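Reading the structure
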Amino acid sequence: MIRTRCEVLSNRRTGAYHSITLVAPDVADKARPGQFVEIAVPGGRDFLLRRPFSIHQASRRGGWAGTLEIVLEAGGPGTAWLAGVKTHDVLDVIGPLGRPFSYPAELTSCLLVGGGYGAAPIYFLAEELRARNKSVSMILGARDHERVFKPIEGKRLADSVVVTTEDGSMGERGRVTDALPAAVARTGAQVVYACGPNAMLRAVAEYCLSRGIPCQVAVEEMMACGLGVCWTCAVPMIAKDGRGWWNMRACLEGPVFNGARIWWDRWLGEREPEVRKPEVAEDLPEPQPVEARTW
Ligand SMILES: Cc1cc2nc3c(=O)[nH]c(=O)nc-3n(C[C@H](O)[C@H](O)[C@H](O)COP(=O)(O)OP(=O)(O)OC[C@H]3O[C@@H](n4cnc5c(N)ncnc54)[C@H](O)[C@@H]3O)c2cc1C
Ligand code: FES
């Protein structure tokens, strides 16, 4: 993990998002798909905490060597401030952080599912998988066409790409999970990787579990320190034999987890009741056994 001051090389609009390229040779050299950086946002009390962003690209070769790219959607004050940075501004960055995706040793057919700006890390992942002779297909989904992240780049990298939008303004109308069963059948997917909103990750992971397909998900959880100290980012995981559970830190043991091992009901139930009814808070049910998965 490195703390460094990085010059902004560019800040470009990509649909509804901002792509920010930073000169960060040391971080770029070590970065792996699925990892993230924490960026300090200067100013008053609102900006006490660094903001975490997935690494979209890390160039170790070629003309842009030593650069790191992140993608963000401006929402709250921190992302709005970052969306306004200019070429030659300098940002205080810590990274690369977290556990990256792992690559399958023998399985070859990989399906990458990305929702909204959550699709950003799957391009870096697709390049690394292709370099290992894996076949790569993608499903890219978003609310509308402005939020479908780099579909043309997806077509360049993947053998096939399905695009879904909730309003039908690009590709198939619906969500990535509507397109998932057909894509799995058509591509013969043996491994699924997913990044995006947590409710989407849950649906993808549950589908994969029902079909016995290994699935890695990169989760987003509130992060205060981003360094493994405060446990703000706890995600409940079920033991391999299904006989117990414990918390893991998304910033340190994640953000990439085995989707079959997350205890989704406990994690999302209370905060996203539209996705699943909350559990009774203190009287937790026994975790259901899940099949152990090895990578
Ligand atoms: C591992 C990881 C990767 C991420 N990758 C991206 C990305 O590639 N692009 C992108 O646009 N966003 C990404 N996010 C979400 C991004 O970090 C939040 O949108 C951002 O921190 C919000 O800050 P804000 O000041 O704009 O909003 P506010 O809501 O005002 O933030 C207030 C506080 O809550 C925290 N916070 C709010 N939302 C989140 C969240 N979803 N995750 C973690 N902390 C949050 C902030 O750090 C801040 O301390 C990622 C989050 C995580 C955990
Ligand atoms: S954010 Fe502090 S331990 Fe993960």
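The model shown is predicted, which means the values in this text are computed figures rather than measured ones. (Residues numbered from 1 in each chain as written. Chains lettered and ligands numbered in written order. Predicted model: local features only at pLDDT ≥ 70, side-chain atom pairs only at ≥ 80, totals over all residues.)

A look at the pairing of strand S10 (residues 160–165)
This is how it is decided: Being paired, for any two strands, means DSSP has found at least two bridges between them. We count a stretch as a helix when DSSP gives it H or I for four or more residues in a row; a strand needs E for two or more, and each element gets its number in order from the N terminus. When the strands point away from the viewer, a crossover counts as right-handed if the route from the first strand across the helix to the second turns clockwise.
By the bridge criterion, six bridges tie strand S9 (residues 135–142) to S10 in an arrangement that is parallel. Residue pairing for S10: Ser137 is matched across the bridge by Ser160. Read from S9 through helix H4 (residues 151–157) to S10, the crossover connection turns out right-handed. Two strands pair when backbone bridges link them, and S10 and strand S11 (residues 172–173) are joined in this way by two bridges, in the parallel orientation. If you follow Thr165 over to S11, its bridge partner there is Arg173.

Section: the site of ligand 1
Convention followed: All residues are tested the same way: a C-beta atom is placed from the backbone, and lying within 6 Å of a molecule or strand makes the residue near it. All residues other than Ala, Val, Leu, Ile, Met, Phe, Trp, Tyr, Cys, Pro, Asp, Glu, Lys and Arg, Gly among them, are scored as polar; the first ten of these are nonpolar and the last four charged. Source of the domain bounds: an automatic or database domain assignment.
Looking at ligand 1, there are 22 residues lining it, with Leu49, Leu72, Gly76, Gly78 and Thr79 nearest. Of all the secondary-structure elements, those providing two or more residues to the shell around ligand 1 are strand S4 (51–54), strand S6 (67–72) and helix H2 (77–83). Here the element with the most residues in the shell around ligand 1 is S4; it accounts for four residues. Looking at the shell around ligand 1 residue by residue, the class counts come to 13 nonpolar, five polar and four charged. Shared between two domains, the shell around ligand 1 takes at least three residues from each, and those domains are domain 1 (2–97) and domain 2 (109–268).

Considerations on the confidence of the model for the protein chain
To keep things clear, this is the line we draw: For every residue, the predictor assigns a confidence score, pLDDT, that lies between 0 and 100. Residues are defined as contacting one another if the C-beta atoms placed from their backbone atoms lie within 7 Å.
Here the protein chain averages 89 in pLDDT, while 89% of its residues score no lower than 70. Every residue in residues 272–295 scores below 50 in pLDDT, and together they form 38 contacts with partners more than four places removed in sequence or on other chains.

Section: the sheet that holds S10
What counts, and what does not: Axis lines are fitted to C-alpha atoms, over the contacting stretch for helices. Their N-to-C directions set the angle, which ranges from 0 to 180 degrees.
Pairing is mixed in the open sheet, where seven strands are placed in the order S11-S10-S9-S8-S12-S13-S16. Each having just a single partner strand, S11 and strand S16 (256–258) make up the two edges of the open sheet. As judged from the five bridges shared by strand S8 (residues 109–115) and strand S12 (residues 191–195), these two strands associate in the parallel manner. Within S12, the residue paired with Gly114 across the bridge is Cys195. On top of the sheet, helix H6 (residues 198–211) reaches S8, S12 and strand S13 (215–218); it is set at about 170 degrees to S13, its chief contact.

Focus on the sheet that holds S6
The seven strands lie next to each other as S4-S3-S7-S1-S2-S6-S5, forming an open sheet whose pairing is antiparallel. Two strands bound the open sheet, and with one partner strand each, they are S4 and strand S5 (57–59). Strand-to-strand twist in this sheet, taken as the mean axis angle between neighbours without regard to direction, amounts to 35 degrees. Taken together, the four bridges between strand S3 (residues 36–39) and S4 define a ladder with antiparallel strand orientation. The residue of S4 that forms the bridge with Phe36 is Ser54. Contacts between helix H3 (residues 120–131) and the sheet are confined to S4, S5 and S6, with S5 contributing the most and set at about 45 degrees to the helix.

Thoughts on the nonpolar core
Most often, soluble globular proteins keep nonpolar side chains buried together rather than apart. The condition is simple: Throughout this description, the term nonpolar core refers to a group of buried Ala, Val, Leu, Ile, Met, Phe, Trp, Tyr and Cys residues whose C-beta atoms join them within 7 Å. To sort residues by exposure, count the other C-beta atoms lying within 10 Å of each residue's C-beta; 20 or more gives buried, 12 or fewer gives exposed, and values between give partly exposed, all with C-beta atoms placed from the backbone.
Ranked by size, the top nonpolar core spans 83 residues in total, and within it Leu112, Val113, Val192, Tyr193 and Val204 carry the most contacts. Looking at this core element by element, the count peaks at seven residues for H3. Both domains that furnish three or more residues to this core are identified here as domain 1 (2–97) and domain 2 (109–268). Dropping the residues within four chain positions of it, Val113 is found in contact with Ile139, Val176, Leu180, Val192, Tyr193, Ala194 and Val204.

Some details on helix H5 (residues 176–187)
Spelled out, the test is: Arc, as used here, means the arc of the directions from the helix axis to the C-beta atoms.
If you check which residues of H5 are buried, you get Val176, Thr177, Ala179, Leu180, Val184 and Thr187. The buried residues of H5 occupy an angular sector of 140 degrees when projected down its axis, which confines them to one face. Within H5, the exposed residues directed more than 90 degrees away from the buried face are Pro181, Ala182 and Ala185. Those residues of H5 that are buried lie in contact with S8, S9, S10, S11 and H6.

A word on the environment of Phe124
For Phe124, the position within the fold is in helix H3. Sequence separation between Phe124 and His56 is 68 residues, and the spatial gap between their C-alpha atoms is 6.1 Å. Discounting chain neighbours no more than four positions away, the residues touching Phe124 are Pro33, Ile55, His56, Gln57 and Ala58.

Remarks on the pairing of strand S2 (residues 17–23)
In regular strands, side chains alternate between the two faces of the sheet. Within S2, five of the seven residues are buried, leaving the element largely enclosed by the surrounding structure. In the sheet, strand S1 (residues 2–14) pairs with S2 via seven bridges, with the strands oriented antiparallel. Paired with Val8 across the strands is Leu22, a residue of S2. Between the antiparallel neighbours S1 and S2 lie two residues, among them Gly15 with a positive phi of about 60 degrees. Sheet topology note: the S2/S6 ladder contains six bridges and is antiparallel. Considered in S6, the bridge of Ser19 is made with Val71.

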